[in-house]
Amino acid sequence: MKAPINSTGDDFSIFFLPRKDQGMFASNRKGSQGDDLYSFVLPPKIFRAEGEIVNSETETRVKNAYLRIIGTDGTMLKVRSDDGKFQYRLNPETEYIFAAFGEGFLNTKQILSTVGLDDSKNFDLSLKLTPTDAPVNVENINYEFGKWDLLPDSRKALDSLIMILTVNPTIVVEIMSHTDYIGSVQFNSELSQKRAQGVVNYLIEKGINSGRLVAKGYGETWPKQVSRKIARQYDFLKPGDVLSEEFIEKLEADEQKEIARSLDRRTEFRVLRSDFRE
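Everything numeric in this text was worked out from a predicted model, so none of it was measured. (Residues numbered from 1 in each chain as written. Predicted model: local features only at pLDDT ≥ 70, side-chain atom pairs only at ≥ 80, totals over all residues. Heavy atoms only, no water.)

Colleague: An account of the overall build of the protein chain is requested, with residue identities and associated values reported.
Modeller: The helix and strand tally for the protein chain stands at six helices and 14 strands. Relative to its length of 278 residues, the protein chain is extended, with a C-alpha radius of gyration of 27 Å against a globular reference of 19 Å. Here the C-alpha coordinates of the protein chain stretch approximately 90 × 45 × 35 Å along the principal axes. For the protein chain, with 278 residues in total, the buried portion stands at 38%. (Helix = DSSP H or I, 4+ residues; strand = E, 2+ residues; numbered from the N terminus. Rg over C-alpha atoms; globule rule 2.2 N^0.38 Å. Buried < 20%, exposed > 50% of the residue type's maximum accessible area, 1.4 Å probe, protein only.)

Colleague: Help me get a handle on helix α2 (residues 159-167), residues and values and all.
Modeller: Looking only at α2, the buried set comprises Leu161, Ile162, Ile164, Leu165 and Val167. Packed against the buried residues of α2 are β9 (108-113), α1 (152-157), β12 (172-178), α3 (185-205), β13 (213-219) and β14 (266-273). (Contact = heavy atoms within 4.5 Å.)

Colleague: Break down unusual backbone geometry for me, with residues and values.
Modeller: Trans peptide bonds make up most of the peptide bonds, and negative phi angles are found at most residues other than glycine. Phi at asparagine 64 is positive, roughly 60°, even though this residue is not glycine. Position of asparagine 64 relative to the elements: it lies in the loop between β4 (47-55) and β5 (65-71). The phi dihedral of glutamate 93 is positive, around 55°, even though this residue is not glycine. Along the chain, the position of glutamate 93 falls in the loop between β7 (85-90) and β8 (95-101). Glutamate 93 gets classed as partly exposed once you look at its relative accessible area, which sits at 45%.

Colleague: Provide a residue-level description of the sheet that holds strand β11 (residues 136-137), including the pertinent values.
Modeller: Read from one edge to the other, the open sheet built from four strands follows the order β11-β14-β12-β13, with strand pairing classed as mixed. Both outer strands of the open sheet, β11 and β13, are each paired with one neighbouring strand and no more. Bridge count for β11 against β14 is two bridges, and the pairing is antiparallel. Residue pairing across strands places valine 136 opposite phenylalanine 269, the latter belonging to β14. Docked against the sheet, α3 engages β12, β13 and β14, running at close to 155° with respect to β13. (Pairing = 2+ DSSP bridges. Axes fitted to C-alpha atoms, helices over the stretch in contact; angles between N-to-C directions.)

Written out as structure tokens, the structure reads:
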């Protein structure tokens, strides 16, 4: 046992009161007049999970979402979160799954564990629900200029999409690749199709059924529409701006133009169906 029960003195004859985390022991530690008696109380370990269920695109809380909590201690709980917030008292030495779901969103989950924790702890969770009514950007998918091979960092970024597909085993998605307007229309169309197919091939390698994946390259035909999330990052953009060639060329600074073009060069996915069966 750690301090303050154990000390550099002679600590012995520990005794616990029946069915209580308290007791007595003898010690000649500093301050004693010999072998004195000491009482002790072991503070309880308190574990708590609290957090929010949020829209992954707007970063706002999802109202009337549902939360399912499953624990290795036998916990099986389903509750509705009216305001998108939740908190829950956890048991020691237990593993939990926190799964969130709501109408118009894909399911998501996080795993946490109190196994082996010596001290009390608060877990802060952010369960992000992906909306199904619009294309969703896959962050950090990058390519070398004019090429379609996935870079190592891009492969890691696709792990988030693999998790979504795993937690939602009945959805069929379209992998959408977009380029900016630099280059010919035909080149951009072919390049984007190869990039989309490259993502699909990687997902298949990772065990996703090919029947759940459709690759589609849109070239420069579907300019990015600025979301509130993007507008907060770049003060020269407003929510609703469409990053077309005409819009980008009217920007004053070359740096702004390159940022806008980089936002146009993106990989997205959208849900086509939710009735897939193996």
